[in-house]
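Spelled out, the chains give:
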Amino acid sequence: MYWLRYLLKEPFQALRTSRDREFIKLLLKYGDSKRHDQKQVSFGKYTFEVPDVMSFLWQYKEIFVDEFYLFKASTPKPVILDCGANIGMSIVYFKNLYPESKVLAFEAEPTISALLSANLSRNNITGVEVISKAVWKDSEGIWFGSESADSSSIYSQAEKKKIPSVRLKDYLEKEAKIDFLKIDIEGAETAVLDDCRKSLSHVENLFVEFHSYIGNTQGLADVIQIFEENGFRYFIDTNQHRGKPFINHKYRGNDVMDLQLNIFGWRVR
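Residues numbered from 1 in each chain as written. Predicted model: local features only at pLDDT ≥ 70, side-chain atom pairs only at ≥ 80, totals over all residues. Heavy atoms only, no water.

Caption draft 1: Geometry of the nonpolar core. Within the largest apolar cluster, 40 residues are counted, with the highest numbers of intra-cluster contacts made by Phe 43, Phe 48, Phe 56 and Met 89. If you tally residues by element for this core, the top one is helix α3 (residues 53-65), at 8 residues. Setting aside residues up to four positions removed in sequence, Phe 48 forms contacts with Lys 39, Gln 40, Val 41, Phe 43, Ile 87, Gly 88, Met 89, Val 92, Asn 119, Arg 122 and Asn 123. Residues Val 79, Ile 142, Leu 168 and Val 203 belong to the second largest nonpolar core, which totals 37 residues. (Core = buried A, V, L, I, M, F, W, Y, C linked by side-chain atoms within 4.5 Å. Buried < 20%, exposed > 50% of the residue type's maximum accessible area, 1.4 Å probe, protein only. Helix = DSSP H or I, 4+ residues; strand = E, 2+ residues; numbered from the N terminus. Contact = heavy atoms within 4.5 Å.)

Caption draft 2: Broad picture of the pairing of strand β5 (residues 128-131). Sheet analysis places strand β4 (residues 102-106) next to β5, joined by 4 bridges and oriented parallel. Looking at β5, one finds that Leu 104 is bridged to Glu 129. (Pairing = 2+ DSSP bridges.)

Caption draft 3: Structural view of the pairing of strand β3 (residues 79-83). The buried fraction of β3 amounts to 5 of the 5 residues, a majority that puts the element mostly inside the structure. The alternating pattern of β3 places Val 79, Leu 81 and Cys 83 and Ile 80 and Asp 82 on opposite faces, both of which are buried. Looking at chain direction, β3 and β4 are connected through 5 bridges and run parallel. Opposite Cys 83, over in β4, you have Phe 106 as the bridge partner.

Caption draft 4: Main features of the packing of aromatic side chains. As enumerated under the stated definition, the model contains 25 aromatic pairs in all. If you follow Lys 174 out to its NZ or CZ, it ends over the ring of Tyr 171, 4.5 Å from the centre. One cation-aromatic arrangement involves Arg 267 over Phe 232; the distance from NZ or CZ to the ring centre is 4.3 Å. (Phe/Tyr/Trp six-rings, centres within 6.5 Å; stacked < 30°, edge-to-face > 60°. Lys NZ or Arg CZ within 6 Å of the ring centre and 35° of its normal.)

Caption draft 5: Looking closely at the sheet that holds β5. Judged by pairing direction, the sheet is mixed, and its 7 strands sit side by side in the order β5-β4-β3-β10-β11-β13-β12 without closing on themselves. In this open sheet, the two strands that pair with only one neighbour each are β5 and β12 (232-237). Here the strands of the sheet are splayed against their neighbours by 15° on average, with no regard to which way each runs. Against the sheet, helix α4 (residues 89-97) contacts β3, β4, β5 and β10 (180-183), and its axis sits at roughly 170° relative to β3. Contacts between helix α5 (residues 110-122) and the sheet are confined to β4 and β5, with β5 contributing the most and set at about 165° to the helix. (Axes fitted to C-alpha atoms, helices over the stretch in contact; angles between N-to-C directions.)

Set out below in structure tokens:
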């Protein structure tokens, strides 16, 4: 059982805080669910419809236990752009942190976007504009492979279809100040950031989940250069620690992606 392996690996860490303990309860309740089966789950005061319970559990851990997106805003009404909002877990966190925040939620995958809207409505979460389009460098549409849960992308091996897109640069330039910009768009981040590199001066906090797809240029140096030229201090982390990297080029048998990094950027005034 997954939850038992987690407890044995990190027994003290797993019980450290109330949110850690809540995560253990969720593991005990949902940890043996079948992969990629849509299911209704409850956490705290919320009830969500999720396409894959394991993905939901890891989202809960990263967002609510590890608090990846915790940031300090200078206003009680921060502007937050959530690119790759998925089913809405990050939005719940942002709205708990800043109830009066203005949130723009972008989600490319049509099925996931429908779940996102339904979850927000079911839980009476307001002040969120859902944009059911892919974040991209133009508004001409993009060829996109739809997969289950959170692995759909422009690099997907699934059959691709053209879906509507929006140019993120246009949305950035509509706002006088953006307190938090989250970009988790499964490999499209390098092209999108390059297009937006001259439009980030008013972004206070920037989170990018960087993806490196096998057979494609990695482009990490370009992403870091954009952080640096825009005056961000940054921290890089990954959950893909692996031994013998010179011969072990894949992460847990992943045949599509060979590196995933979390890049946290904040502006120093």
